[in-house]
Amino acid sequence: MADVVSSGADCVITLGGMQSNHCRATAVAARSLNLDCHLIFRSPEDLEDKDPGLVGNLMLERLVGAHIYLVSVGDLEFFLNSMAIANSLKNKLEKEGRKPYIIPPGGSNSLGNWAYIEAIREIEQQVQNSEEAKFDDIVAACGSGGTCAGISLGSRLSSLKAKVHAFAVVGTTEYFYYSTQKLIDGLQSGLDSHEIVDIIDVQGLGYGISTEDELQFIKKIAQATGIILDPVYSGKAAYGMFKDMASNPEKWRGRKVLFIHTGGLLGLYDKTEQIAPLVGECHKLEIDKSIPWQDITGKLF
């Protein structure tokens, strides 16, 4: 956003899936700086001409006044052509006299990568202060490539040298090796993406689409630990991690793993109908009439 302001822009354009955390964060940050925000979402074909509603991240985005646009194309087509899609809107806004600034999906570019390089630097400082906090592997969800690239490059540049596993919730592993390579090349790293990160496909039924097993897993983690995973990103990544540990035990045996929770709890509100049968019911509490009850009539006003 500092770059947006210094460029003299009066509005921002960014893109993502319908429950993109990045889009929500961008909309809120833009409003705090008195900038208009234009969000382009990939939409299923049957919903392109329908109002997307006020579920999850969409509620906050629309609450702060973001302008919403829907594009009906495939996941991979959307990401590969994201800048062309954004530029078409940019040209329209410029004709209206606006000064738009395009932020790529997920904030995933060389500038955005510094966020997770800095995050790794902070983690490195915490580890240096605690022997118990040391770990061998880092796991995180991968949705647009920026988190994956930043963590992987940060780990390699730091003293951590932890092996990074990125669980892709959309697209293909080939695409993310390609996009990670482009991102680290933008910082002139001289590294090969295949050497610094292990990318695993966990999209299942597709971006933002949850199976009952995945939601059951999220419920079990919540009830066992109090940690809430979201169904679009961290939930799929953690579910995939546990499945990979079960099917490849030697790969993980004896290793200490840091799982980075990338947020997105609002995405749970998009799954209320699926989650409802998995959680407990509410019960009416019958109060025993013999319990002494204070009469407050006339004592409050």
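Since we're looking at a predicted model, the values are computed, not measured.

Asks: What's the story with the environment of Tyr69 in this structure? I'm lost.
Replies: By the secondary structure assignment, Tyr69 is in strand β3 (residues 67–71). Among residues more than four places away in sequence, those in contact with Tyr69 are His38, Leu39, Ile40, Phe41 and Leu89. Of the polar contacts made by the side chain of Tyr69, one reaches the side chain of His38; its length is 2.9 Å.

Asks: What is the right way to look at the side chain of Thr26 in this model?
Replies: Along the polypeptide, Thr26 turns up in helix α2 (residues 21–32). A distance of 2.8 Å separates a polar side-chain atom of Thr26 from the backbone oxygen of His22. Not counting chain neighbours up to four residues away, the residues in contact with Thr26 comprise Met1, Val12, Thr14, Cys37 and Ile103.

Asks: Looking at this structure, how should I read the UniProt feature "active site" (unreviewed entry) in the chain?
Replies: The sites that UniProt annotates as "active site" (unreviewed entry) are Ser20. In this fold, Ser20 is placed in the loop between β1 (11–17) and α2.

Asks: Sorry, what's going on with the nonpolar core here?
Replies: Nonpolar side chains in soluble globular proteins generally cluster together in the buried interior. Counting 41 residues, the largest nonpolar core has Ile138, Val197 and Ile199 as the members making the most contacts within it. Of all elements in the fold, only α6 (110–128), β5 (137–142), α7 (146–157), β6 (163–168), α8 (173–185), β7 (197–201) and α11 (234–247) reach the threshold of two or more residues within this core. Ile199 has contacts with Cys148, Ala166, Ala168, Thr173, Phe176, Tyr177 and Thr180, leaving out every residue within four places of it along the chain. Counting 16 residues, the second largest nonpolar core, distinct from the first, contains Ala9, Ala27, Phe41 and Ile103.

Asks: Explain the packing of α7 against α8 here, please?
Replies: When two helices pack together, you describe them by how their axes are tilted relative to each other and by the distance separating the axes. As a packed pair, α7 and α8 sit with axes 9 Å apart at the nearest point and diverge in direction by 55°. By the angle class used here, α7 and α8 are oblique. As for the relative orientation of α7 and α8, their crossing is right-handed in sense. Residues Gly146, Cys148, Ala149 and Leu153 of α7 touch α8, and the partners they reach there are Thr180, Leu183 and Ile184.

Asks: How do you make sense of the sheet that holds β5 when you look at a structure like this?
Replies: Strands pair in a sheet through their backbones, by hydrogen bonds, and they do so in one of two ways: parallel or antiparallel. An order of β7-β6-β5-β8 is seen for the four strands of this open sheet, with the pairing classed as parallel. The open sheet is flanked by β7 and β8 (257–259), the only strands paired with a single partner. The sheet shows a mean angle of 25° between the axes of neighbouring strands, direction not considered. Sheet topology places β6 next to β7; five bridges connect them, and they run parallel. Its bridge partner being in β7, Phe167 is matched across the sheet by Ile200.

Asks: Mind showing me how you'd approach the sheet that holds β3 here?
Replies: The strand order across the open sheet built from four strands is β3-β2-β1-β4, with neighbouring strands paired in parallel fashion. Lying at the two open borders of the sheet, with one neighbouring strand each, are β3 and β4 (100–102). Geometrically, the sheet is characterised by an average inter-axis angle of 25° between neighbouring strands, direction not taken into account.

Asks: Explanation requested: the pairing of strand β2 (residues 36–42) in the structure shown.
Replies: Walk down a regular strand and you will see the side chains alternate between the two sheet faces. Burial analysis of β2 places six of its seven residues in the buried class, which makes it a mostly covered element. After leaving β1, the chain enters α2 and then returns to the sheet as β2, a path that is right-handed. Alignment of β2 against β3, held across five bridges, turns out to be parallel. Within β3, the position partnered with Leu39 by the bridge is Ile68.

Asks: Would you mind showing me how to read the side chain of Gln181 here?
Replies: Position of Gln181 relative to the elements: it lies in helix α8. A relative accessible area of 19% places Gln181 in the buried class. Contact partners of Gln181, with chain neighbours within four places excluded, come to Leu191, Asp192 and Ser193.

Asks: Looking at this structure, how should I read α8?
Replies: Think of an α-helix as 3.6 residues a turn; residues three or four steps apart then line up on the same face. Its 13 residues give α8 an end-to-end C-alpha distance of 18 Å, which sits within 8% of 18 Å, the value for a rise of 1.5 Å per residue. Along α8, the residues that are buried comprise Thr173, Tyr175, Phe176, Tyr177, Ser179, Thr180, Gln181, Leu183 and Ile184.

Asks: Could you clarify how one ought to interpret the pattern of salt bridges in this entry?
Replies: When the charged atoms of two side chains with opposite charge come close together, those side chains can pair. Applying the stated rule across the entire model yields eleven salt bridges. Between Arg255 and Asp137 there is a salt bridge, with the nearest N and O atoms lying 2.5 Å from each other. Separated by 118 residues along the polypeptide, Arg255 in the loop between α12 (249–252) and β8 and Asp137 in strand β5 bring together distant segments of the chain. The partly exposed category is assigned to Arg255, whose relative accessible area is 37%. Here Lys251 makes a salt bridge to Asp198, at a shortest N to O gap of 3.1 Å. Taken together, the residues span a long stretch of sequence, with Lys251 in helix α12 and Asp198 in strand β7 at a distance of 53 residues.

Definitions and limits used
- Residues numbered from 1 in each chain as written.
- Predicted model: local features only at pLDDT ≥ 70, side-chain atom pairs only at ≥ 80, totals over all residues.
- Heavy atoms only, no water.
- Helix = DSSP H or I, 4+ residues; strand = E, 2+ residues; numbered from the N terminus.
- Contact = heavy atoms within 4.5 Å.
- Polar contact = N/O pair within 3.5 Å; in protein donor to acceptor, adjacent residues only side chain to side chain.
- UniProt positions renumbered as here; feature names shortened; annotations may be inferred.
- Core = buried A, V, L, I, M, F, W, Y, C linked by side-chain atoms within 4.5 Å.
- Buried < 20%, exposed > 50% of the residue type's maximum accessible area, 1.4 Å probe, protein only.
- Axes fitted to C-alpha atoms, helices over the stretch in contact; angles between N-to-C directions.
- Parallel < 35°, antiparallel > 145°, perpendicular 65-115°, else oblique.
- Left-handed = near helix turned anticlockwise from the far one by under 90°.
- Pairing = 2+ DSSP bridges.
- Right-handed = clockwise from strand over helix to strand, strands pointing away.
- Expected span 1.5 Å × (residues − 1).
- Salt bridge = Lys/Arg side-chain N within 4 Å of Asp/Glu carboxyl O.

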